[in-house]
Amino acid sequence: MKLINIGFGSLISQERVVAVVAPDSAPIKRLVQESRERGMLIDATYGRKTASIFIMDSDHVILSALPAEKLLPRMQAQQGEEEKD
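Values in this document were obtained by computation on a predicted structure and should not be read as measured data. (Residues numbered from 1 in each chain as written. Predicted model: local features only at pLDDT ≥ 70, side-chain atom pairs only at ≥ 80, totals over all residues. Heavy atoms only, no water.)

1. Digging into the side chain of Ser52
Line of reasoning, step 1. Summarising the element assignment, Ser52 is placed in strand E5 (residues 52-56).
Line of reasoning, step 2. What makes Ser52 buried here is its relative accessible area of 0%.
Line of reasoning, step 3. A polar contact of 2.6 Å, which involves the side chain of Ser52, links it to the backbone oxygen of Leu66. (Helix = DSSP H or I, 4+ residues; strand = E, 2+ residues; numbered from the N terminus. Buried < 20%, exposed > 50% of the residue type's maximum accessible area, 1.4 Å probe, protein only. Polar contact = N/O pair within 3.5 Å; in protein donor to acceptor, adjacent residues only side chain to side chain.)

The following block contains the structure:
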């Protein structure tokens, strides 16, 4: 299992990530609110502004304070290690 640090010591499984999106659009804001109401929202921002949102294959939605631009190299590094194995 490959884990990605999404900030402040929070880790998620790279294999379970379906999409990483920005929190700016209205449809994504609705998705976050619906997930909160269903109890499927995980807030890993530690009180900071949400910069990226992970949509998981388990229907969970995870909020991160790190922007997707900072997380992309981490995800690519994990894939590079995976290809070497």
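2. Description of the pattern of salt bridges
Line of reasoning, step 1. In this structure the tally under the stated criterion is two salt bridges.
Line of reasoning, step 2. The shortest N-O distance in the salt bridge between Asp57 and Arg16 comes to 2.7 Å. Taken together, the residues Asp57 in the loop between E5 and strand E6 (61-64) and Arg16 in the loop between strand E2 (10-13) and strand E3 (17-21) connect sequence positions 41 residues apart.
Line of reasoning, step 3. Note on Arg16: relative accessible area 40%, which makes it partly exposed.
Line of reasoning, step 4. Between Asp59 and Arg38 there is a salt bridge whose closest N-O contact spans 2.7 Å. Pair noted here: Asp59 is in the loop between E5 and E6 and Arg38 is in helix H1 (residues 26-38), with a separation of 21 residues, a long-range link.
Line of reasoning, step 5. On the basis of relative accessible area, Arg38 is assigned to the partly exposed category, the value being 46%. (Salt bridge = Lys/Arg side-chain N within 4 Å of Asp/Glu carboxyl O.)

Geometric values such as these leave the question of function open.
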